[in-house]
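# Architecture and fold: a report
Single-letter residue listing:
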Amino acid sequence: AEGLRAIREEILATDAQEMRVAIEFRNISSVLSPEENEAHDRRIAEKGIRGRLLCTGAHSLEDLRKHHPHFEFRSLTADRFPISGELTVFGNKIFAFTEHGKLIGVAIESEELTKTLRAMFDLAWMGAGAQSGGAAPRPPAAVPPVTPAH
């Protein structure tokens, strides 16, 4: 848990004002206490950080929006998009950690990697918003073959 706390402090020490997060909500409270999570969220709001959050797990989008008005949320189905842990893109840094098994966290500082991951996140965000309410669309079971033109 100390590594996660250090990553969160590094997030708060960064000057960036926009955050992109993919997270599984189910187990976050098993790593840090609800009080620690609330304090972290409060500090993010106080800094004026805004963000977009793709999430799986048990949650209510209405409750999330009410408690985190500085974030936009879209929900993904865990069976189709099995996010485990958290992946955050913030400024020129990527923060990732697991929530199952051994807790592993990493911080990567790279303009090129964050640019690429931000583009992938934005693509996922667009797909998750294709249906009203922010639910992720179910991709087709198979892509039909392309018929060559004669």
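Now for a look at the structure at hand. (Residues numbered from 1 in each chain as written. Predicted model: local features only at pLDDT ≥ 70, side-chain atom pairs only at ≥ 80, totals over all residues. Heavy atoms only, no water.)

### Thoughts on empty space enclosed by the protein
- Considering all chains together, one arrives at one cavity of 30 Å³ or more under this definition.
- Taken as a whole, the largest cavity holds about 40 Å³ of empty space.
- Lining the largest cavity are Leu4, Ile7, Arg8, Ile11, His40, Glu86, Thr88, Phe95 and Phe97.
- At the level of elements, helix H1 (2-13), strand S4 (86-90) and strand S5 (93-97) are the ones that each hand at least two residues to the lining of the largest cavity.
- It is H1 that provides the largest number of residues to the lining of the largest cavity, a total of four residues.
- Of the residues contributing to the lining of the largest cavity, the split by class is five nonpolar, two polar and two charged. (1 Å grid on protein atoms, 1.4 Å probe; cavity = no way out; pocket = protein on both sides within 12 Å on 5 of 7 lines; lining within 4 Å. Points joined across faces, edges and corners; volume = space filled by probe spheres on them. Helix = DSSP H or I, 4+ residues; strand = E, 2+ residues; numbered from the N terminus. Nonpolar A, V, L, I, M, F, W, Y, C, P; charged D, E, K, R; others polar.)

### Section: the environment of histidine 40
- Within the secondary structure, histidine 40 sits in helix H3 (residues 34-46).
- Under the relative-accessibility criterion, histidine 40 is labelled buried at 10%.
- Taking the C-alpha atoms as reference points, histidine 40 and arginine 5, 35 residues apart in sequence, are found 9.5 Å from one another.
- In contact with histidine 40, other than residues within four places in its own chain, are Arg8 and Leu12. (Buried < 20%, exposed > 50% of the residue type's maximum accessible area, 1.4 Å probe, protein only. Contact = heavy atoms within 4.5 Å.)

### Focus: the sheet that holds strand S1 (residues 18-24)
- Read across the open sheet, the six strands follow the order S3-S2-S1-S4-S5-S6; overall the sheet is mixed. Bordering the open sheet on either side are strand S3 (71-75) and strand S6 (105-109), each of which pairs with just one other strand. Here the strands of the sheet are splayed against their neighbours by 10° on average, with no regard to which way each runs.
- When strand S2 (residues 50-56) meets S3, the two strands line up parallel, connected through five bridges. Across the sheet, leucine 53 pairs through a bridge with phenylalanine 73, a residue of S3.
- Set on the sheet, helix H5 (residues 111-128) makes contact with S1, S2, S3, S4, S5 and S6; between it and S2 the angle comes to about 65°. (Pairing = 2+ DSSP bridges. Axes fitted to C-alpha atoms, helices over the stretch in contact; angles between N-to-C directions.)

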